[in-house]
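What the coordinates show
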Amino acid sequence: MATAVGLALSLLVNSEAFAFTYTKIADSNDLFSKFGFYPAIDNDGTVTFSADLDAGGSGIYIGSGENTSQIADSSGQFSSFFTHAIADTGIVAFKAALDEGAVGIYTGENTAPIAYSRVPAALGDLAINSKGTVTFSQILDQGVRAVLTNNDGINTTIADSSDTSPYNRFEGIAINNAGTVAFTAELKATGRGIYTVHSGNTTTMADTNGDFDFLFNPAINNAGTVAFKGVLKNLAGEGIYTSDGQTLTKIADNSSVFDFFENPAINNQGAVAFKGVLKGGGLGIYTGANPETDKVIALGDSLLGSTVTDLYFSNRGLNDKNQFAFYAKLADGRTGVFRADSDHQEPTTSVPEPGFALGLLTVGGLGTVLRRKRDCGSKLPK
């Protein structure tokens, strides 16, 4: 079945980039000496992050710009921390190594683990939704790999690599408030894909049967639309895309000013943000294909009394208020976690334009973007 892919084309809002207000969540002038690169944000603008302390030890913290609170630290049962996530409602989930040498997945509301393994590599990525359902990947008995959810202490298998399954291994987990789980999977036969599972039903969102050569980890919103980075076959480039299971929409690609991309996030209005590296040098956080009008912040920009020299952004770094959480290194030596608040609260609407065939996806639907996007003359690669 032929497929259409569309380039996101927004209605013109104005000819200028939108303004942003920047807030320090925490930096190395506080009690912290080092920060994790990938903070996450909830819908109230509260940011969760990992950090090492000046006094020694490490922890998972939340902050809103007014105060910072500890979720967990290494003074008790935990020795170090890995990935973490925050739900729209502010519930935090995290993976931590234990003093005894095992590893577990926890929420800030519960000292008992949701998942536990004496083999640290057996627990993978995690995500959490507003109902407190945590999804995660784990290597089970006999080496079977699985994507699971935990709700009220009950684990449910969403997908696994058992003998009758098409999947070989899993990467990149996401979940929305409807309980739809999204993940990237390597297939036993050949190739890989991005899939969603809801109430036992699996949907292929994108795969390598068509024009994609490689697919990276997805983010998902409450409508079930995923955002991801895809690399095209035959060295034809890479881009940031969204898919609702029927229509694939291109947000940006590297056919012009961008060189490559990382970690797209998507909110419940369909706005997409990502880290982009420019061909001429420099990098930033952007919401579309124009690095001038679609810029959130970039290298060389002023930030709270200094200048940005490095940036990191996660696929959990965008909320429904168009607030962005990010890590930055500054010219004055500070590092920290910051939030950008956009003066634009309503995303514009984009219209897919037919392009090339991809896998088994079908035509239909609309994409959405945060602000004025790209040149209407751009086309997807043929």
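A quick note: this is a predicted structure, and the numbers were derived from the prediction, not measured.

1. Some remarks on the sheet that holds strand β9 (residues 92–98)
- Strand order in the open sheet made by the four strands is β8-β9-β10-β11, with antiparallel pairing throughout. The outermost strands of the open sheet, each flanked by one partner alone, are β8 (78–86) and β11 (110–117). If you compare each strand with its neighbour and ignore which way they point, the axes differ by 30 degrees on average.

2. Brief notes about the sheet that holds strand β14 (residues 145–151)
- Taken together, four strands build an open sheet; the order of strands is β12-β13-β14-β15 and the sheet is antiparallel. The open sheet terminates on both sides in strands that have one partner only, identified here as β12 (123–128) and β15 (154–160). Taken pair by pair, the neighbouring strands of this sheet meet at an average axis angle of 25 degrees, ignoring direction.
- Relative to β15, β14 is paired through six bridges, and the arrangement is antiparallel. Bridge assignment links Thr 149 to a residue of β15, and that residue is Thr 156.

3. Quick notes on the pairing of strand β32 (residues 335–342)
- Burial analysis of β32 places eight of its eight residues in the buried class, the great majority of the element.
- Burial along β32 is two-sided: the residues Thr 335, Val 337, Arg 339 and Asp 341 and Gly 336, Phe 338, Ala 340 and Ser 342 are all buried.
- Pairing of strand β31 (residues 323–330) with β32, which is carried by seven bridges, proceeds in the antiparallel orientation. For Phe 326, the partnering residue across the bridge sits in β32 and is Phe 338.

4. Remarks on the pattern of salt bridges
- Enumeration over the complete set of coordinates arrives at 12 salt bridges.
- Two residues, Lys 24 and Asp 27, come together in a salt bridge whose shortest N-O distance is 3.8 Å.
- The buried category is assigned to Asp 27, whose relative accessible area is 1%.
- Each member of the salt-bridge network shares a partner with another, and the members are Lys 24, Asp 27, Asp 30, Asp 332 and Arg 334.

5. Observations concerning the confidence of the model for the protein chain
- Averaged over the protein chain, the pLDDT score is 87; the fraction of residues at 70 or greater is 85%.
- In this model residues 1–15 is a low-confidence stretch, pLDDT under 50, and it forms 67 contacts with partners more than four residues away in sequence or in other chains.
- Low confidence marks residues 347–382, where pLDDT is under 50. Its contacts with residues over four positions away, or in another chain, come to 147 contacts.

Here is what the cut-offs are and how they apply
- Residues numbered from 1 in each chain as written.
- Predicted model: local features only at pLDDT ≥ 70, side-chain atom pairs only at ≥ 80, totals over all residues.
- Heavy atoms only, no water.
- Pairing = 2+ DSSP bridges.
- Helix = DSSP H or I, 4+ residues; strand = E, 2+ residues; numbered from the N terminus.
- Axes fitted to C-alpha atoms, helices over the stretch in contact; angles between N-to-C directions.
- Buried < 20%, exposed > 50% of the residue type's maximum accessible area, 1.4 Å probe, protein only.
- Salt bridge = Lys/Arg side-chain N within 4 Å of Asp/Glu carboxyl O.
- pLDDT = per-residue confidence, 0-100.
- Contact = heavy atoms within 4.5 Å.

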